[in-house]
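One-letter residues, chain by chain:
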Amino acid sequence: MNQKHNEALQSLLDQVAMGRLDRRKFVSMVGAAAATSMFGPSLLEQALAAGANQEERRASLQTHYDFIVVGAGAAGSVLAAELSASGAQALVIESGGPDDAPTITNPSIWFYNVGGPLDYHLPVTPSPRLNNRKFNMALGHVLGGGSSINAMVWTRGMQRDFDGWAKNGAKGWAFADVLPVFKSQEDWEGGANTWRGAGGPIHIRRPHDPHPTAPAFIEAAREMGMPILDDVNGPMRPGAGYINMNIAADGTRVSAARAFLRPALSRPNLTLLLNTNVVKLNFKGARCVGVKLMTDGAVKDIAADKEVILAAGAINSPKLLMLSGVGEAKALRSRRIPIALSPRCITGTGLHARQTRNTFSHEGGSIPTNLTEFCVE
Ligand SMILES: Cc1cc2nc3c(=O)[nH]c(=O)nc-3n(C[C@H](O)[C@H](O)[C@H](O)COP(=O)(O)OP(=O)(O)OC[C@H]3O[C@@H](n4cnc5c(N)ncnc54)[C@H](O)[C@@H]3O)c2cc1C
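These numbers come from a predicted model, not from an experiment.

Turning our eyes to something else, we now look at the overall build of the chain. The helix and strand inventory of the chain stands at 13 helices and eleven strands. Within the chain, the proportion of its 377 residues that are buried is 46%. Considering only residue pairs separated by 6 or more positions, the chain has 63% of its internal contacts joining residues 24 or more positions apart. As displayed, the chain offers around 19,100 Å² of accessible surface, 56% of which is attributable to carbon and sulfur atoms.

Attention shifts here to the pattern of salt bridges. Taken as a whole and assessed by the stated rule, the structure comprises eleven salt bridges. The residue Arg 262 makes a salt bridge to Asp 14 at a minimum N-O spacing of 2.1 Å. With Arg 262 in the loop between helix 10 (256–261) and strand 7 (270–273) and Asp 14 in helix 1 (residues 3–17), the pair connects residues that are 248 residues apart, well separated along the chain. Residue classification places Asp 14 among the buried residues on the basis of a relative accessible area of 2%. Between Glu 186 and Arg 156 there is a salt bridge, with the nearest N and O atoms lying 2.9 Å from each other. Here the residue Glu 186 occupies a position in strand 5 (residues 186–188), and Arg 156 occupies one in the loop between helix 6 (146–149) and helix 7 (159–167), the gap between them amounting to 30 residues. Residues Glu 186 and Arg 156 agree in their burial class; the two are buried. Linked by salt bridges that have partners in common, Arg 156, Glu 186, Arg 196 and Asp 231 make up one network.

What follows deals with the site of the ligand. Ala 75, Glu 94, Gly 146, Val 153 and Val 278 are the nearest of the 30 residues found near the ligand. In the model, an oxygen atom of the ligand is placed 2.8 Å from a nitrogen or oxygen of the Ala 75 main chain. Between a nitrogen atom of the ligand and a main-chain N or O atom of Ser 95, the distance comes to 3.1 Å. Considered on its own, the ligand offers 1,000 Å² of accessible surface; in the complex 75% of this is hidden by protein. At the level of secondary structure, the elements contributing two or more residues to the shell around the ligand comprise helix 4 (74–85), helix 6, strand 8 (277–284) and helix 11 (313–323). In terms of residue count, helix 6 provides more of the shell around the ligand than any other element does, three residues in total.

A few words now on the nonpolar core. One finds Phe 26, Leu 143, Leu 261, Leu 270 and Leu 272 to be the most contacted residues of the largest nonpolar core, which totals 41 residues. Within the second largest apolar cluster, 19 residues are counted, among which are Ile 68, Val 70, Val 278 and Leu 293.

Moving on, we come to the packing of helix 1 against helix 2 (residues 23–30). Two elements in contact, helix 1 and helix 2, have axes whose closest approach is 10 Å; the angle formed by their N-to-C orientations is 170 degrees. If you check the angle between helix 1 and helix 2, you find them roughly antiparallel. Where helix 1 approaches helix 2, its residues Leu 9, Leu 12, Leu 13 and Val 16 are matched on the opposing element by Phe 26, Met 29 and Val 30. Looking at the contact of helix 1 with helix 2, its residues break down into seven nonpolar, no polar and no charged.

Conventions and cut-offs
- Residues numbered from 1 in each chain as written.
- Predicted model: local features only at pLDDT ≥ 70, side-chain atom pairs only at ≥ 80, totals over all residues.
- Heavy atoms only, no water.
- Helix = DSSP H or I, 4+ residues; strand = E, 2+ residues; numbered from the N terminus.
- Buried < 20%, exposed > 50% of the residue type's maximum accessible area, 1.4 Å probe, protein only.
- Contact = heavy atoms within 4.5 Å.
- Areas by Shrake-Rupley, 256 points an atom, 1.4 Å probe, with all protein chains shown as cover.
- Salt bridge = Lys/Arg side-chain N within 4 Å of Asp/Glu carboxyl O.
- Near = heavy atom within 4 Å.
- Polar contact = N/O pair within 3.5 Å; in protein donor to acceptor, adjacent residues only side chain to side chain.
- Core = buried A, V, L, I, M, F, W, Y, C linked by side-chain atoms within 4.5 Å.
- Axes fitted to C-alpha atoms, helices over the stretch in contact; angles between N-to-C directions.
- Parallel < 35°, antiparallel > 145°, perpendicular 65-115°, else oblique.
- Nonpolar A, V, L, I, M, F, W, Y, C, P; charged D, E, K, R; others polar.

Encoded structure:
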C-alpha cells in the first residue's frame, strides 16, 4: 500500500467514526478486502460502532452530564476519553468540525494548515518586543485542535522545569511523576527502555527520509563539539539529534483525537458535539454549573453535575472565562461584561498568570483559589 492510499483510508475511517459514512458506502469506496486487510476487522468495527453511537448520542442530547469538557483539542481529547473510561457521563464540545482533511492526515503538507480553514489564525497585536511585526497566531480550530494541524514534533518538556514546579508546590508534577505518563502514551519505534514507552496509543518515530540539510546540520554540531544524541527524548542533556515525530507506522498523523478520543467514541456514556461553540460558562453564585452553547444558530444550556473542564486552549480558555464574567474587573467593565463572581477578589493578579489550572470544581461548595484570583479589582 502506498502512502497516499494509507492517508485516504485513514480519512475515510475518520468519517466512519464521525457517523458521516456508513458501512455500505465505506466498503463500496475502498472494497471489502481493503477495508479489513488495511485496518483489521476490529478497527473498522470500532469506527462503525463509534459513528452509530455518536449519531444516537447527538439525537438524544441530555440537559445534564457529570462532566462537560469544553474543546476537543490535544487536552480535551485525552480528558474526555479518560472521563468516559471512568464510567462518568461526559459531554465534549468542539467548536471546529471533523478531522478528515488531507492536510491533517498527510504529515508532509501539515504547513498548509497554517492560515487555512482549520486555523483560527488570530491577529497578534504588534509589540515592540517583536519589532512591531504584524502576524497571526496559529491555533487549531478542528477536532483534535492543535494536535490535528501541528508539526508533529514529539518533544517532552525539560526535566528541570517539571522539577521546579514540584519544588514550588505542584505536587505530582516532578519529572519522575510524569515520566510514567509520557511512557504510557508512547509506541516508540526504538522499543521500551528507562526513558521510552512502547505499545501506547501514539506511534513515535524519527524522520525516515530527512532533508539532506538535516544530517549536515548534525554533523556541523558534532564539529562544534556538541554531543550527538541518539534519542532526544532520552536522558535529558544538551546536544543535537533527530527530532521525534508522532506519525503512525503507515505514515499518517497520530493526533490526540485519533489516539485517544476515537477509540472512546463507541462508549454510550460519551457524547461529542462538533461545530458547536461554548459561548458562556454558567455560574450559580461562585460555582460554575454548566455551559451555554450555540449550535445550528440555537442557544442551549447544559448543566454539569460534577465539573466543567475548560480545555479550549491557551487563548480561548481565558477568553471564555472573561466572556463569562471571570477576569480582570477593569477589563470586564470596559467591555460591559457583568462580573460573575462577587468581588471578594485578590488584588493585582493577572488572569494570564494563573491560567494553568482550568478545572472548576463545584463539589464541596468552595471555589479553588486560582478561580478567586481570576477576578481582580
Ligand atoms: C501550527 C502549529 C504547529 C505546532 N507544532 C507543534 C509541534 O510540532 N509539537 C508540539 O508539541 N506542539 C506543537 N504545536 C502546539 C500544540 O499543538 C499545542 O500546544 C496543543 O495543541 C495545545 O493543546 P490544548 O488542548 O491546550 O489546545 P488545542 O489543541 O488548541 O485545543 C483547543 C480546542 O478547543 C476548541 N475551542 C476553542 N474555543 C472553543 C469554544 N468556545 N467552544 C468549543 N470549543 C472551543 C478549539 O477549536 C480547539 O480544538 C503547534 C501548534 C500549531 C498551531
